[in-house]
Amino acid sequence: MRCWKGRVEIAGSVVDESSGSSGTPYNWVRSRRELNTVHRNVAGYTSLVFPSKRLFVINAYSMGAWATGTNTGIAMARIATVKNTGPDLEKIVDTLRHFGPRYDYLVTAYPPFLKHLRDRLAGEPWFEEKSYRLAAMVGGEGMTEALRDYVGDVFGKVRSGYGASDLTIGMGGETTFSIWLRRLMREDATVRAAFLGPDEQRLPMVFQYNPLETYLETAGDGRTGEVLCTIKSTAVMAPKLRYNIGDEGTLMSFPQVWEILRELFADRPVLLQRAEAAALRERMRLPLLFLYGRSDSTVSYMGANIYPQDVEYGLYEGNPNSPTRRTSGRTWPRSCSP
């Protein structure tokens, strides 16, 4: 009943299953034309952010009924050589050793798995001696800047994508500018207050998105609210209008963001120049989504709200035992994989 003309297209349709973070996994059916659009968008974003003529993608997402793994592999095959290893450390190590350092490797994975892969590769003589070039694209949950810093000695560039099984895996993506702004908010409380409000202590992920493809709104009258999403494409077999996936966020247009930066840095031209340099890297003057994650993901302790990212910062920042720590639980934001 929710499909165009009240029917499911048989040939070429694929069923994805959500992670069940809301209680029960659900089935989402996508047509061939819809999937072609998704794959084209993911491949286009990857080519923009990871430009290379010798790209080798190691797809370490979980395979199976979930949207991310299989669709990432298919999308990347448009622009790169692909091996779908799944989250198997030894298979990835064997792949790197077998094909050698002549490729630009892009590992697609969940953020916690990236930590394990970094720990496995760091210190390996064969890896360090041959100057491998690795980058990573992560999704499935939020990633802290502490984790990005931690894996930075192995992965020269790490970018995160935002999506949901309910909607699409390519709703938004990190850019050089969005990461620069997020790291600035981490370091400067004045900047964070200007964008998020004086009482906001959380550090959201920051994505840019194309409103002609993914139209986003926030529920409520305040600065922050639950994100409502409409996929603006007739290729979607089962349209969803103002769909609430339960993530909390703030939206700003690029001119709004730029105006705030101009006011903040009126007497600090060097920082404004850095902002301009970051924005010119991918030349994406697109609106920004400041994403906090699931609106119900907090734990209250002694009157304080504790968020999953707070725990992750505690694990990585200034912790000499980080290589021995195991990360688990993909708890926020609700997105395209379990």
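How each quantity is defined
- Residues numbered from 1 in each chain as written.
- Predicted model: local features only at pLDDT ≥ 70, side-chain atom pairs only at ≥ 80, totals over all residues.
- Heavy atoms only, no water.
- Buried < 20%, exposed > 50% of the residue type's maximum accessible area, 1.4 Å probe, protein only.
- Helix = DSSP H or I, 4+ residues; strand = E, 2+ residues; numbered from the N terminus.
- Pairing = 2+ DSSP bridges.
- 1 Å grid on protein atoms, 1.4 Å probe; cavity = no way out; pocket = protein on both sides within 12 Å on 5 of 7 lines; lining within 4 Å.
- Points joined across faces, edges and corners; volume = space filled by probe spheres on them.
- Nonpolar A, V, L, I, M, F, W, Y, C, P; charged D, E, K, R; others polar.
- Polar contact = N/O pair within 3.5 Å; in protein donor to acceptor, adjacent residues only side chain to side chain.
- Contact = heavy atoms within 4.5 Å.
- Phe/Tyr/Trp six-rings, centres within 6.5 Å; stacked < 30°, edge-to-face > 60°.
- Lys NZ or Arg CZ within 6 Å of the ring centre and 35° of its normal.

Peer 1: Just checking my understanding: could you explain the pairing of strand β3 (residues 55–59) for this structure?
Peer 2: The side chains of a regular strand alternate between the sheet's two faces. Buried residues dominate β3, accounting for 5 of its 5 residues. Bridge analysis of β3 against strand β5 (residues 104–109) gives 5 bridges, and the strand direction is parallel. The partner of Val 57 across the bridge, within β5, is Leu 106. Pairing of β3 with strand β4 (residues 81–84) involves 4 bridges; the strand directions are parallel.

Peer 1: How do you make sense of empty space enclosed by the protein when you look at a structure like this?
Peer 2: Enumeration according to the criterion identifies 4 cavities of 30 Å³ or more in this entry. When its volume is computed, the largest cavity comes out at roughly 40 Å³. Here the lining of the largest cavity takes 3 residues from strand β2 (residues 27–30), the largest share from any one element. For the lining of the largest cavity, a count of residues per class yields 5 nonpolar, no polar and 4 charged.

Peer 1: I tried to follow the side chain of Thr 95 on my own but got confused; where do I start?
Peer 2: Relative to the elements of secondary structure, Thr 95 occurs in helix α3 (residues 89–99). Looking at Thr 95, its side chain comes within polar contact range of the side chain of Lys 83, at 3.0 Å. At a separation of 2.8 Å, a polar atom in the side chain of Thr 95 contacts the main-chain carbonyl oxygen of Lys 91. Sequence-distant contacts of Thr 95, defined by excluding residues within four places in its chain, comprise Phe 56, Ile 58, Lys 83, Thr 85 and Tyr 105.

Peer 1: Whenever I open this one, the packing of aromatic side chains confuses me. Can you help?
Peer 2: Any pair of aromatic rings gets described here by the distance separating the centres and the angle formed by the planes. Summed over the entire model, instances satisfying the criterion amount to 18 aromatic pairs. Summarising the aromatic geometry, the rings of Trp 28 and Tyr 243 are spaced 6.2 Å apart at their centres and angled 90° between planes, so their arrangement reads as edge-to-face. Note that Trp 28 is positioned in strand β2 and Tyr 243 in strand β12 (residues 243–252), a separation of 215 residues in sequence. Taking relative accessible area as the criterion, Tyr 243 reaches 22% and is therefore assigned partly exposed. Relative to Tyr 132, the ring of Phe 127 has its centre 5.4 Å away and its plane inclined at 15°; by these criteria the two rings are stacked. For the pair shown, Phe 127 and Tyr 132 are each scored as buried. The rings of Phe 56, Phe 99, Tyr 103, Tyr 105, Trp 126, Phe 127 and Tyr 132 are connected pair by pair, giving a single aromatic cluster. Over the ring of Tyr 150 we find Arg 118, and its NZ or CZ is 4.6 Å from the ring centre. Of note, Arg 202 hangs over the ring of Tyr 292, and the distance from its end group to the ring centre comes to 4.0 Å.

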